[in-house]
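# Residue-level structure breakdown
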Amino acid sequence: MDREMDRTDRHLSVSRSFIWLLLVLLQTSNTTAQSCSVASPVNFPENNEIGQVVTTISVLSGEEIIITSEGLPFGIEGNNLIATAVLDHEETQNYVVNIRCNGESGSISKTIVVILLNENDNNPFFDQNLYQASVNEMSPIDTSVGHFAATDLDGPLIYYRLIPESDAFKLRSQSTPDILINTRLDYDKVKEVRLILEAQDTPLDIPEEPSFTATTTIMISILDIDNRPPWFQPCTSHETGGAVICENSGYTGNINLNEQETGVLSLKPGPLYAIDGDLGIKEEITYSFLSGNNDGLFEINPNTGNITMLKPADVLGPIALTVLAAQRINSHQFATTTVTITVQVKSLHVPKFQKPQYEGLITSVGSMATDLTNKDQPLQILATDEDYSGTGGLNPHITYSVEGRSDFAIVGGYLFLTKELSEGSLSLQVVAKDTSNDEMAKAALRVELES
């Protein structure tokens, strides 16, 4: 019995010792956990206040905290890690801060990772205030002119728009600053377009604060392409289906039978020449006869288009020359025109009126003038040409007009009033012109207007 009680007492004594030891260990473990305890990583906003608390370090009473990292913008105030400078995410995104807690029981080292939170505090910016770009006219819709991206130190997402919006160009999207062609471009109508591109660091349709913007200018030059043939001058332009055609009515000239003209032939309505229809390219033009010069009477200067004679013409009548104008480099761009040369008998006499003065009476618009000296007879205005003695002096090339007046017309040698005029007497001049050689004569004309 005594032996059993003694065994029981020893067992209880061992149990009590184990429990006491366990309590000591647990207390020691708990004390160690509370010494130099700190959360890591720590999020901390940029643009902070100096002295602002970054995080709190749990320490035991009497323990000292020391930052062992050098050159970092942090300090210890009590058991707080504080910022000693204004931090900028764009300069440094995170810091690794090493600390040591010194106490009676020894030292404990810890590492605190401070992650700087980015704030929207920077304006976006373009690399250039002015960009130069170019694009060919007639380029397809949605052809890219260029990529004009801005930069934002706060982040990559930027939104774009054109201010104001352009009919000729557009953006690929609000987030992709590619400038695209939006309509058909014509160099002759628009040679340069100025765009203002704005970049914003927040969504365009959702108001947010803060929001920052930047702008840049984009100058786009429209380039002329070689899509038009030469145009003989003068010409009348017509636009059809977006294409421009310049119509030339041809040229005329006169030469005398059995005579060789010296120098460049005089043509109407002016010298023969063509220009490149693409005015922004202005390629040189070369000239040649395509047909009509079978007898070798004429020569054309390939550089100027001037026509000269190589020998006289021995047959009366018109000669139709077809002239080809082609671009010197791109000869597939060409045009043709007709030069009509009339071979005529040399004029030895100018037209001559039968009277030095004509007098007529007109009573209404559209009525024929009567002879003021013989009101029963119409007033006939007639000029003759002695070069046409075989036809009684009647030259079929003579035309008549009243000089400087559009309210009269002479048809077949008879005078008509074409517009309403006040009653009275008018002193005018009548002109007879030989259209084959531009020789002319003049005579006085007095018209009495009565109702």
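Residues numbered from 1 in each chain as written. Predicted model: local features only at pLDDT ≥ 70, side-chain atom pairs only at ≥ 80, totals over all residues. Heavy atoms only, no water.

Stated precisely, the cut-off is as follows: UniProt positions are given in the numbering used here, feature names are shortened, and annotations may be inferred rather than shown by experiment.
For the chain, an unreviewed UniProt entry supplies the name Cadherin domain-containing protein and the organism Ilyodon furcidens. For the record of the chain, the UniProt heading Subcellular location (unreviewed entry) holds the text "Membrane".

## With respect to the overall build of the chain
Going by this rule: Secondary structure elements are taken from DSSP: a helix is a run of H or I of four residues or more, a strand is a run of E of two residues or more, and numbering for both begins at the N terminus. Categorising residues by exposure relies on relative accessible area from a 1.4 Å probe, with only protein chains included: less than 20% of the type maximum marks a residue as buried, more than 50% marks it as exposed, and the intermediate range marks it as partly exposed. Throughout, the Shrake-Rupley method with a 1.4 Å probe supplies accessible areas, and for residues the shown protein chains are the sole cover considered. Positive residues here are Lys and Arg, negative ones are Asp and Glu, while His and the chain termini are left out of the count. Where a charge lies is defined by one atom per residue type: Lys uses NZ, Arg uses CZ, Asp uses CG and Glu uses CD.
Within the chain, the regular secondary structure consists of one helix and 34 strands. When the backbone C-alpha atoms are referred to their principal axes, the chain occupies close to 180 × 60 × 45 Å. Here the chain holds 451 residues, and 36% of them are scored as buried. Total accessible area on the chain is roughly 25900 Å²; 51% of this is exposed by carbon and sulfur atoms. Taking the average place of the 27 positive charges on the side chains of the chain and the average place of its 60 negative ones, the gap between the two points comes to 4 Å.

## Topic: the state of the cysteines
Among covalent bonds in proteins, the disulfide is the one between the sulfur atoms of two cysteines. Put simply, the test is: Throughout, a disulfide means two cysteine sulfur atoms within 2.5 Å of one another.
Following the criterion strictly, the structure yields two disulfides and no others. Residue Cys 36 pairs covalently with Cys 101 via a disulfide, S to S 1.8 Å. Here the S-S torsion is close to 70°, and the disulfide linking Cys 36 with Cys 101 is therefore right-handed. Of this pair, Cys 36 sits in the loop between helix 1 (2-34) and strand 1 (42-45) while Cys 101 sits in strand 6 (residues 94-103); the two residues are 65 residues apart in sequence, bridging distant segments of the chain. In this model Cys 235 forms its disulfide with Cys 246; the gap between the sulfur atoms is 1.9 Å. Across the S-S bond linking Cys 235 and Cys 246, the dihedral sits near 80°, which makes this disulfide right-handed. With Cys 235 in the loop between strand 15 (230-232) and strand 16 (236-240) and Cys 246 in strand 17 (residues 243-247), this residue pair connects regions lying eleven residues apart in the sequence. What makes Cys 246 buried here is its relative accessible area of 14%.

## Points about the pairing of strand 32 (residues 414-417)
For the record, the criterion: Two strands are said to pair when DSSP picks up at least two bridges between them.
Of the two faces of strand 32, only one is covered, namely that formed by Leu 415 and Leu 417; the face formed by Tyr 414 and Phe 416 stays uncovered. The antiparallel pairing of strand 31 (residues 408-411) with strand 32 creates a hairpin that spans two residues between the two strands, and Gly 412 there sits at a positive phi of about 65°.

## Notes on the pairing of strand 12 (residues 176-181)
By the criterion of burial, strand 12 is predominantly enclosed, with five of the six residues buried. In this structure, strand 11 (residues 169-173) lies alongside strand 12, joined through four bridges in antiparallel fashion. Residue pairing for strand 12: Ser 173 is matched across the bridge by Thr 176.

## Observations concerning the environment of Thr 216
The following threshold applies: The contact rule is simple, with two residues in contact once any of their heavy atoms fall within 4.5 Å. Polar contact criterion, stated in full: a pair of N or O atoms within 3.5 Å, where within protein one must be able to donate a hydrogen and the other to accept it, and residues adjacent in sequence count only if both atoms are side-chain atoms.
Looking at where Thr 216 falls in the secondary structure, it is placed in strand 14 (residues 213-223). Here Thr 216 is in contact with Phe 126, Gln 128, Asn 129, Leu 130, Tyr 131, Leu 195, Ile 196 and Leu 197, once residues within four sequence places are set aside. A polar side-chain atom of Thr 216 sits 2.8 Å from the main-chain carbonyl oxygen of Gln 128. At 3.2 Å, the side chain of Thr 216 and the backbone oxygen of Asn 129 are in polar contact.

## Observations concerning the nonpolar core
Selection criterion: In this text, buried Ala, Val, Leu, Ile, Met, Phe, Trp, Tyr and Cys residues form a nonpolar core when linked through side-chain atoms within 4.5 Å.
In terms of nonpolar packing, the biggest core is built from 24 residues, with Phe 169, Ile 179 and Ile 220 touching the most fellow members. Mapped by element, the contributors of at least two residues to this core are strand 8 (130-136), strand 10 (159-162), strand 11, strand 12, strand 13 (192-200) and strand 14. Setting aside residues up to four positions removed in sequence, Ile 220 forms contacts with Ala 133, Val 135, Val 145, Phe 169, Ile 179, Lys 191, Glu 192, Val 193 and Leu 195.

## A look at the sheet that holds strand 14
Defined as follows: As a rule, the C-alpha atoms of each element are fitted with a line to give its axis, helices using only the stretch in contact, and angles between N-to-C directions run from 0 to 180 degrees.
Reading across the sheet, the four strands line up as 8-14-13-10 and stay open at both edges, with mixed pairing between neighbours. Each edge of the sheet is formed by a strand with only one pairing partner; in this case those strands are strand 8 and strand 10. Sheet twist, expressed as the average angle between the axes of neighbouring strands with direction ignored, equals 30°. Bridge count between strand 8 and strand 14: seven bridges; the pairing is parallel. Following the sheet pairing, Asn 136 is matched in strand 14 by Leu 223.

## Topic: the layout of surface pockets
As a reminder, the rule being used: A cavity here means a set of 1 Å grid points, computed over protein atoms only, where a 1.4 Å probe fits but cannot escape. A pocket is an open set with protein on both sides within 12 Å along at least 5 of 7 lines, and lining residues have an atom within 4 Å of a point. Grid points are joined across faces, edges and corners, and a volume is the space filled by probe spheres set on the points. Residues are grouped as follows: nonpolar covers Ala, Val, Leu, Ile, Met, Phe, Trp, Tyr, Cys and Pro; charged covers Asp, Glu, Lys and Arg; every other residue, Gly included, is treated as polar.
A volume near 320 Å³ is recorded for the largest pocket. Around the largest pocket, the lining is made up of 20 residues, and of these Gly 253, Asn 254, Gln 344, Ser 436 and Asn 437 lie nearest the centre. Considering each element in turn, the lining of the largest pocket owes the most residues, five residues, to strand 18 (residues 251-256). Here the lining of the largest pocket is composed, by residue class, of three nonpolar, twelve polar and five charged.

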